[in-house]
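What follows is each chain in one-letter form.
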Amino acid sequence: MVCGDGISAPGELCFDDVVLIEGNDVTYSARLIDVDSDDDTDVVYMIGDQVVTHLGTGEGVFGPALFGVTVSPTNGEAGDIDGDGRTDLAIINVYDNTLAIALGDGVGDFTLQEPLQGTSAAPVQVMVADLDGDVDDDVLIATNTSIDVFRSDGDGTPVAGFGVGLNGPALALGLGEFDGDGDPDLIYVSDAFGNQELFIRLGAGDGTFGSSVPVEVDGATPRAVAGGDLDGDGDGDLVYVDLDLELLYVRLGNGAGGFADAVGSATDQGPQRTAVLDVTGDGDLDVVVGHAGGNSLWIYQGDGDGGLGQPLMIPLAGPVDSLGWGLANADAVPDLITTDINQHVTVVLSTP
């Protein structure tokens, strides 16, 4: 395995090339998705009042900014909300308590659905995933008082239904599969009367979730939750970071909603974003952590048994505000994308 020889080998952890895009405004929620149906991945992100697209060539090169639908975002996520095979956007605004759905037209632009949907309180994070096993994705929103579930009915106007009430603001939101039934389970961190606590709620497969189950955490400031099978036993495992202790924790699942003791790995300053995916092509899941204090991405290679190796450290132009991934070049290894509070979008390309 030699990085830079152009040959992708399983287990090869190679990220070297960085594409820096100047947002020229506050940037939100950059994603690597194909918006124009040419099978080449494009960069999509949001600024203060618009969605911005840079069309990709398939070689990790992106064209000039194309300004699209006008909307006021503070966070967003991509998925197929109307089930037509094209990528759509779910966009929240913390200031007016709204969810906007922008449907992809398949040729590079989006159409804003009217009217905007109201959220139960100030929305702080949004996720898009299929919660009920149909052909369209649903929307989860973490707010200052609850987690709202907007079920999609296939027409691009998901309707608020089931909600999870909280004793304080949601601080992190994620999904996993922890009880072996194949249905997405909910993970979240909330601030309950000054106590920052981590919970799971097992999914029923119809967009609803069971009672909250507290998960004991090491440290007092859990953040950035995610799920995945890191040890390959078929049982979902739990990943989270602790903001103050500057540690990444892995807790292996038992397949019945329970977890083994946490195993910690050091992070850079202020870990606040995480992702679980296979970035080496060896079939084992790896973990990526973005930091608010260290201006960096750290990539931890999984060993297939639930352990993590020493991280590959990638310096960035600012503190990580959002983290995503996709296939931006032609090597079939996932690439990473971030936004930072210094108005940059950064694509970190794999370089096998």
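Details of the structure are given in the entry above.
To start, this report covers the structure provided alongside it.

Rules of the game
- Residues numbered from 1 in each chain as written.
- Predicted model: local features only at pLDDT ≥ 70, side-chain atom pairs only at ≥ 80, totals over all residues.
- Heavy atoms only, no water.
- Pairing = 2+ DSSP bridges.
- Helix = DSSP H or I, 4+ residues; strand = E, 2+ residues; numbered from the N terminus.
- Axes fitted to C-alpha atoms, helices over the stretch in contact; angles between N-to-C directions.
- Disulfide = S-S within 2.5 Å.
- Buried < 20%, exposed > 50% of the residue type's maximum accessible area, 1.4 Å probe, protein only.
- 1 Å grid on protein atoms, 1.4 Å probe; cavity = no way out; pocket = protein on both sides within 12 Å on 5 of 7 lines; lining within 4 Å.
- Points joined across faces, edges and corners; volume = space filled by probe spheres on them.
- Nonpolar A, V, L, I, M, F, W, Y, C, P; charged D, E, K, R; others polar.
- Contact = heavy atoms within 4.5 Å.
- Salt bridge = Lys/Arg side-chain N within 4 Å of Asp/Glu carboxyl O.

1. Points about the sheet that holds strand 3 (residues 42–46)
Here is step 1: Pairing in this open sheet of four strands is antiparallel, and the strands run 2-3-4-5 from one edge to the other. This sheet does not close on itself; its edge strands, each paired only once, are strand 2 (28–33) and strand 5 (66–70). When the angles between neighbouring strand axes are averaged without regard to direction, this sheet yields 20°.
Here is step 2: With three bridges connecting them, strand 4 (residues 50–54) and strand 5 associate as antiparallel partners. The residue of strand 5 that forms the bridge with Gln50 is Thr70.

2. Quick word on the state of the cysteines
Here is step 1: Scanning all chains against the criterion turns up one disulfide.
Here is step 2: The disulfide partner of Cys3 is Cys14, and the S-S distance across this bridge is 1.9 Å. Across the S-S bond of Cys3 and Cys14 the torsion is about -80°, and the bridge reads as left-handed. Taken together, the residues Cys3 in the segment before strand 1 (15–22) and Cys14 in the segment before strand 1 connect sequence positions eleven residues apart.
Here is step 3: The exposure class assigned to Cys14 is buried, which follows from its relative accessible area of 4%.

3. Focus on the pairing of strand 13 (residues 146–151)
Here is step 1: The buried count for strand 13 comes to five of six residues, which makes it a mostly enclosed element.
Here is step 2: Note that strand 12 (residues 138–143) and strand 13 share four bridges and pair antiparallel. Residue Ala142 lies in a different strand from strand 13, and its bridge partner there is Ile147.
Here is step 3: Counted along the chain from strand 12 to the antiparallel partner strand 13, the turn is two residues long.
Here is step 4: Pairing of strand 13 with strand 14 (residues 159–165), which is carried by five bridges, proceeds in the antiparallel orientation. Within strand 14, the position partnered with Phe150 by the bridge is Ala160.

4. Notes on the layout of surface pockets
Here is step 1: For the largest pocket, the calculated volume is near 1,200 Å³.
Here is step 2: Arg31, Glu77, Gln125, Val126 and Leu323 are the residues nearest the centre of the largest pocket, which is lined by 45 residues in total.
Here is step 3: Looking at the lining of the largest pocket, the elements that each hand over two or more residues are strand 2, strand 6 (75–79), strand 11 (123–129), strand 15 (170–176), strand 19 (222–228), strand 23 (271–277) and strand 27 (320–326).
Here is step 4: With seven residues, the top contributor of residues to the lining of the largest pocket is strand 11.
Here is step 5: For the lining of the largest pocket, the residue count by class is 27 nonpolar, 13 polar and five charged.

5. Remarks on the environment of Leu171
Here is step 1: Secondary-structure assignment places Leu171 in strand 15.
Here is step 2: Separated by 54 residues in the primary sequence, Leu171 and Val225 place their C-alpha atoms 9.8 Å from one another.
Here is step 3: Those residues in contact with Leu171 that sit more than four places away from it in its chain are Val189, Ser190, Asp191, Gln196 and Arg223.

6. Quick look at the pattern of salt bridges
Here is step 1: Within the structure shown, the criterion is met by two salt bridges.
Here is step 2: Between Glu77 and Arg31 there is a salt bridge, with its nearest N and O atoms 2.8 Å apart. Residue Glu77 is found in strand 6, and its partner Arg31 is found in strand 2; the two are separated by 46 residues along the sequence. Side by side, Glu77 and Arg31 carry an identical accessibility label, which is buried.
Here is step 3: A salt bridge links Arg151 to Asp132; the shortest N-O distance between them is 2.7 Å. Linking Arg151 in strand 13 with Asp132 in the loop between strand 11 and strand 12, this pair joins segments that are 19 residues apart in sequence.
Here is step 4: Residue classification places Asp132 among the buried residues on the basis of a relative accessible area of 15%.

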